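What follows is the residue order along each chain.
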Amino acid sequence: AAEEKEEEAAAPPQKRFYRQRAHSNPLADHTLCYPSRPQDMDWASLFPSFFPPEAPPGTPPARVEFADVGCGYGGLLVALSELFPRSLALGLELRAKVAAFTRARIRALRVAQPGRFGNVACVRGNAMKHLPHFFLRGQ
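Note that the structure is predicted; figures quoted are calculated from it, not measured. (Residues numbered from 1 in each chain as written. Predicted model: local features only at pLDDT ≥ 70, side-chain atom pairs only at ≥ 80, totals over all residues. Heavy atoms only, no water.)

## Some words on the nonpolar core
For soluble globular proteins, nonpolar side chains are generally found buried alongside one another.
For step 1, the next point in the chain: Ranked by size, the top nonpolar core spans 13 residues in total, and within it Trp 43, Leu 46, Phe 47, Val 64, Leu 90 and Phe 135 carry the most contacts.
For step 2, the next point in the chain: For this core, the secondary structure elements donating two or more residues are helix 2 (43–46), strand 2 (88–93) and strand 3 (120–124).
For step 3, the next point in the chain: For this core, the leading source of residues is strand 2, giving three residues.
For step 4, the next point in the chain: Setting aside its immediate chain neighbours within four residues, Phe 47 contacts Val 64, Leu 88, Ala 89, Gly 118, Asn 119, Val 120 and Ala 121.
For step 5, the next point in the chain: Counting residues in each nonpolar core, the second largest holds eleven residues, with Ala 99, Ile 106, Leu 109 and Cys 122 among its members. (Core = buried A, V, L, I, M, F, W, Y, C linked by side-chain atoms within 4.5 Å. Buried < 20%, exposed > 50% of the residue type's maximum accessible area, 1.4 Å probe, protein only. Helix = DSSP H or I, 4+ residues; strand = E, 2+ residues; numbered from the N terminus. Contact = heavy atoms within 4.5 Å.)

Here is the structure:
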């Protein structure tokens with residue numbers, strides 16, 4: 001049973017199950033979760049391989065270098081992961097189903113190819129209103 005679950009997790013998601021209208025009302029975002037300030041963002045949950053718990057004290061934390069605003073189905077994120085394997089890239093998508101697809105796609109790629117795609121992640125967010133809540137000034 002555990003092997004079947006692992007196989008299901010490794011299977012890439014199918015877009016037909018994640019279709020959503022192209023427009024999403026950016027003002028109806030009362031269900032979005034975002035940090036109150038950049039220092040409160042839990043990057044380790046999105047990029048666990050870049051935030052090991054046994055990191056030596058004084059090691060500067062990794063920072064997101066690429067932000068894909070309106071990342072859609074994650075095509076650019078996947079390409080950036082392969083081109084810049086030591087840089088973190090975050091996709092921000094407002095549409096719930098599309099963000100869920102992109103997260104499932106990244107999860108499937110991580111399972112299918114261990115050690116790769118750990119540098120990309122996607123969160124559901126409204127970049128017009130909450131971008132400063134995710135990133136430090138100049139980041």
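That was the structure; now back to the text.
## Re the pairing of strand 1 (residues 64–69)
For step 1, the next point in the chain: Relative to strand 2, strand 1 runs parallel, the two being bridged by five bridges. Counterpart to Ala 67 in the pairing with strand 2 is Leu 90.
For step 2, the next point in the chain: Note on the crossover from strand 1 through helix 3 (residues 75–83) to strand 2: the handedness is right-handed. (Pairing = 2+ DSSP bridges. Right-handed = clockwise from strand over helix to strand, strands pointing away.)

## A look at unusual backbone geometry
For step 1, the next point in the chain: Residues other than glycine seldom take positive phi values, yet Phe 117 does so here, at roughly 65 degrees.
For step 2, the next point in the chain: Topologically, Phe 117 is positioned in the loop between helix 4 (96–112) and strand 3.

## Digging into the pattern of salt bridges
For step 1, the next point in the chain: This model, assessed by the stated rule, comprises three salt bridges.
For step 2, the next point in the chain: Here Arg 37 ties to Asp 40 by a salt bridge, and the two come within 3.2 Å at their closest N and O atoms.
For step 3, the next point in the chain: A salt bridge links Arg 95 to Glu 93, with the nearest nitrogen and oxygen atoms 2.8 Å apart. In terms of burial, Arg 95 and Glu 93 fall into one category: buried. (Salt bridge = Lys/Arg side-chain N within 4 Å of Asp/Glu carboxyl O.)

## Remarks on the packing of helix 3 against helix 4
For step 1, the next point in the chain: Where helix 3 contacts helix 4, the two axes come as close as 10 Å, and the packing angle between them is 30 degrees. The orientation of helix 3 relative to helix 4 falls into the category roughly parallel. Once helix 3 is placed against helix 4, the crossing between them reads as right-handed. Each of Gly 75, Leu 77 and Val 78 in helix 3 lies in contact with helix 4, whose residues at this interface are Thr 102, Arg 105, Ile 106 and Leu 109.
For step 2, the next point in the chain: Looking at side-chain class alone, the contact of helix 3 with helix 4 contains four nonpolar, two polar and one charged residues. (Axes fitted to C-alpha atoms, helices over the stretch in contact; angles between N-to-C directions. Parallel < 35°, antiparallel > 145°, perpendicular 65-115°, else oblique. Left-handed = near helix turned anticlockwise from the far one by under 90°. Nonpolar A, V, L, I, M, F, W, Y, C, P; charged D, E, K, R; others polar.)

## Details of the sheet that holds strand 2
For step 1, the next point in the chain: The three strands are arranged 1-2-3 in an open sheet whose pairing can be described as parallel. Strands at the two margins of the open sheet, each flanked by one partner only, are strand 1 and strand 3. Going across the sheet, the axis of each strand differs from the next one's by a mean of 25 degrees, ignoring polarity.
For step 2, the next point in the chain: In the packing of helix 4 onto the sheet, the strands contacted are strand 2 and strand 3, and the crossing angle to strand 3 comes to about 160 degrees.

## Comments concerning the side chain of Asp 68
For step 1, the next point in the chain: In this fold, Asp 68 is placed in strand 1.
For step 2, the next point in the chain: Despite its burial, Asp 68 pairs with no opposite charge; the closest candidate is Arg 105, at 9.1 Å N-O.
For step 3, the next point in the chain: Sequence-distant contacts of Asp 68, that is, excluding residues within four places in its chain, are made with Leu 76, Leu 77, Leu 90, Gly 91 and Leu 92. (Lys, Arg positive; Asp, Glu negative; His and termini not counted.)

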